Amino acid sequence: MIPVISKLPQTGTTIFTTMSALAAEHGAINLSQGFPDYDCSPKLVELVYTAMKNGHNQYAPMAGVMALREQIAIKIERLYGAQYNPETEVTVTAGGTQAVFTAISALIHPNDEVIMFEPAYDCYAPAIKLMGGVVKSLELEPPDYRIAWDMVKRLVSNKTKMIILNSPHNPTATILSREDIDELSALVKNQDILILSDEVYEHLVFDGQEHLSMARYPELQERSMIIASFGKTFHATGWKMGYCLAPAYLMAEFRKIHQFLVFSVNTPLQYAIAEYLKDENTYLELPAFFQEKRDYFRRGLEQSRFKLLPCAGSYFQSVTYDAITDEKDTDFAIRLTKEIGVATIPVSAFYRKGTDRHVLRFCFAKRQETLDKAVDRLIKV
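As the structure is a prediction and not an experimental result, all values here were calculated from the model.

The rules behind the values
Residues numbered from 1 in each chain as written. Predicted model: local features only at pLDDT ≥ 70, side-chain atom pairs only at ≥ 80, totals over all residues. Heavy atoms only, no water. Helix = DSSP H or I, 4+ residues; strand = E, 2+ residues; numbered from the N terminus. Rg over C-alpha atoms; globule rule 2.2 N^0.38 Å. Buried < 20%, exposed > 50% of the residue type's maximum accessible area, 1.4 Å probe, protein only. Contact = heavy atoms within 4.5 Å. Lys, Arg positive; Asp, Glu negative; His and termini not counted. Charge placed at Lys NZ, Arg CZ, Asp CG, Glu CD. Pairing = 2+ DSSP bridges. Axes fitted to C-alpha atoms, helices over the stretch in contact; angles between N-to-C directions. Left-handed = near helix turned anticlockwise from the far one by under 90°. Nonpolar A, V, L, I, M, F, W, Y, C, P; charged D, E, K, R; others polar. Phe/Tyr/Trp six-rings, centres within 6.5 Å; stacked < 30°, edge-to-face > 60°. Right-handed = clockwise from strand over helix to strand, strands pointing away. Salt bridge = Lys/Arg side-chain N within 4 Å of Asp/Glu carboxyl O. Core = buried A, V, L, I, M, F, W, Y, C linked by side-chain atoms within 4.5 Å. Expected span 1.5 Å × (residues − 1).

J.: Explain the overall build of the protein here, please?
T.: Across its full length, the protein holds 15 helices and 13 strands. At 21 Å, the protein has a C-alpha radius of gyration in line with the 21 Å of a compact globule built from 381 residues. With the principal axes as the frame, the protein shows a C-alpha extent of 55 × 55 × 55 Å. The buried share of the protein, taken over its 381 residues, is 56%. Of all intrachain contacts in the protein linking residues separated by at least 6 positions in sequence, the fraction that spans at least 24 positions is 75%. Where the 40 positive side-chain charges of the protein centre and where its 46 negative ones centre are 3 Å apart.

Take a look at the structure:
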């Protein structure tokens, strides 16, 4: 065998793949990986079919079909009052993860420091390391997982290049507050610090609260790369469709990398989504849709010995289980899958150090009957 030096020697298969495979092996209800078990809109499927019949089956422009970029810009201005030039400031990507990787690849150089908050979605740190960057992480604590901005200030140095934010947050289901925005704005003022804002769950904010996108605030917008996902928005995660928003000077660098990663993204899907976006109700109705699922799932779990943590956004519900067992979260998650028949994600997987606070994450983007079956099993634990 030829010797190979791994660029990510500590990285194995993601917890999402592991738990989904375990669920399939044991016939468990899969509330681990974040995807719906119901179909996307038949109208959207028909629009894809129409686009294919109309011959939109060859390469799309590198930055994305202009009709779609224009609809994205219209949507963002309508929601957040922000203007993005579809020609130079909007790029369609092969999902949110590709957009995150591309942004980090384009902007992070060796020894650049990147501040991120843990628990964190697991694609951030590996991308930073691959670019030779240095991860500076701040661990957030349950039940509220609020950002301690005085601690963030201590992490900032003359090498700080980027701060990564994720709101609504995966896995904790927290959202940024106006106080967070004020603290962030003060922190980056007069600093050469970029923001990577992962907003793939932007339409999944509950209880009448607003999503505080970086696009709302000119002083943050000018330094931010915003990541979004049609897969999450339109119940079609397998389509791997997303986009990135950024000022032209940042987007120019993003596209230099994007063109050599995927070059362009699925053409008929872009035409279909462009048409589908013309009806703003396709995304404005999502908060109520998912809040109903959240409330239904929470009512069910209230009958169990799990303790519910707050859920202000996303389609994830986290719980603690100290009243049940003192097992490690990874061991308990495996046992729940094998013995109880419900797969979940141990939140220690979202910490680079594997910090275990006895928290599990469930995905409630499921049909009511799926949630019923899962709850019936979990209340017996």
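J.: Looking at this structure, how should I read the pairing of strand 13 (residues 359-363)?
T.: Consecutive residues of a regular strand have side chains that alternate between opposite faces of the sheet. With respect to burial, strand 13 is a largely interior element, five of its five residues being buried. With burial as the criterion, each face of strand 13 is covered, one bearing Val359, Arg361 and Cys363 and the other bearing Leu360 and Phe362. Inspection of the sheet shows strand 10 (residues 316-320) paired to strand 13 by five bridges, in the antiparallel sense. Note on strand 13: the bridge partner recorded for glutamine 317 is phenylalanine 362. Here strand 12 (residues 345-346) runs beside strand 13; their pairing, made up of two bridges, is antiparallel. Residue pairing in the sheet places proline 346 in a bridge with leucine 360 of strand 13.

J.: How should I be thinking about the packing of helix 4 (residues 96-107) against helix 10 (residues 248-261) in this particular structure?
T.: To characterise two packed helices, one gives the angle between the axes of the helices and the distance between these axes. In contact at an axis separation of 8 Å, helix 4 and helix 10 are set at 115° when each is read in the N-to-C sense. In this structure, the crossing between helix 4 and helix 10 has a hand that is right-handed. Contacts from Gln98, Ala99, Phe101, Thr102, Ala103, Ser105, Ala106 and Leu107 in helix 4 reach Leu250, Glu253, Phe254, Ile257, His258 and Leu261 in helix 10. Considered class by class, the residues forming the contact of helix 4 with helix 10 number nine nonpolar, four polar and one charged.

J.: Before we go on, may I ask you to explain the sheet that holds strand 8 (residues 242-245) in this structure?
T.: Within a sheet, neighbouring strands are paired by backbone hydrogen bonds and run either parallel or antiparallel to one another. Judged by pairing direction, the sheet is mixed, and its seven strands sit side by side in the order 2-8-7-6-5-3-4 without closing on themselves. Edge positions in the sheet fall to strand 2 (90-93) and strand 4 (134-139), since each of these pairs with one other strand and no more. Strand-to-strand twist of the sheet, defined as the mean angle between neighbouring strand axes without regard to direction, takes the value 20°. Examined bridge by bridge, strand 3 (residues 113-118) and strand 5 (residues 160-166) share three bridges and lie parallel to one another. Looking at strand 5, one finds that glutamate 113 is bridged to threonine 160. Packed on one face of the sheet, helix 4 meets strand 2, strand 5, strand 6 (194-198), strand 7 (224-229) and strand 8 and runs near 160° to strand 7.

J.: So what exactly am I meant to see when it comes to the packing of aromatic side chains here?
T.: In this structure the tally under the stated criterion is 19 aromatic pairs. Between the aromatic rings of phenylalanine 297 and phenylalanine 362, the centroid separation amounts to 5.9 Å while the plane-to-plane angle is 75°, which identifies the pairing as edge-to-face. A residue pair is termed long-range when its members are at least 10 positions apart, and phenylalanine 297 in helix 13 (residues 286-301) and phenylalanine 362 in strand 13 qualify at 65 residues. A relative accessible area of 1% places phenylalanine 297 in the buried class. We classify phenylalanine 362 as buried; its relative accessible area is 0%. Summarising the aromatic geometry, the rings of tyrosine 321 and phenylalanine 332 are spaced 4.6 Å apart at their centres and angled 45° between planes, so their arrangement reads as tilted. Remark: phenylalanine 332 occurs in helix 14 (residues 329-340) and tyrosine 321 occurs in the loop between strand 10 and helix 14; sequence separation between them is 11 residues. The exposure class of tyrosine 321 is buried, given its relative accessible area of 0%.

J.: Explanation requested: the pairing of strand 3 in the structure shown.
T.: Burial within strand 3 is extensive, with six of its six residues counted as buried. Burial along strand 3 is two-sided: Glu113, Ile115 and Phe117 and Val114, Met116 and Glu118, pointing in opposite directions, are all buried. In this structure, strand 3 lies alongside strand 4, joined through six bridges in parallel fashion. Paired with glutamate 113 across the bridge in strand 4 is valine 134. Read from strand 3 through helix 5 (residues 124-130) to strand 4, the crossover connection turns out right-handed.

J.: Just checking my understanding: could you explain the pattern of salt bridges for this structure?
T.: Two side chains that carry opposite charge are able to pair once their charged atoms sit near each other. A complete count under the given rule lists 18 salt bridges for this structure. Of the charged contacts, one joins arginine 294 and aspartate 295 as a salt bridge, the two residues approaching to 2.8 Å between their closest N and O atoms. When salt bridges with common partners are traced through the structure, they connect Asp37, Arg367 and Glu369 into a single cluster.

J.: Any chance you could explain the nonpolar core here in plain terms?
T.: In a soluble, globular protein the nonpolar side chains are often hidden away together inside. Ranked by size, the top nonpolar core spans 121 residues in total, and within it Ile72 and Phe306 carry the most contacts. A total of six residues in this core trace back to one element, the largest contributor, which is helix 4. When neighbours within four sequence positions are excluded, isoleucine 72 is seen to be in contact with Val90, Val92, Phe230, Tyr243, Leu245 and Leu277.

J.: What should I look at first to understand helix 3 (residues 66-80) in this one?
T.: Along an α-helix, residues three or four positions apart point the same way, because every turn accommodates 3.6 residues. Counted at 1.5 Å a residue, the expected span for helix 3 with its 15 residues is 21 Å, and the 21 Å between its end C-alpha atoms agrees. Along helix 3, the residues classified as buried are Leu68, Arg69, Gln71, Ile72, Ala73, Lys75, Ile76 and Tyr80. Residues of helix 3 that are buried sit in contact with strand 2, helix 9 (230-233), strand 8, helix 10, helix 11 (267-276) and helix 12 (281-284). Where helix 3 ends, the next residue or the one after it, glycine 81, has phi of about 70°, a positive value.

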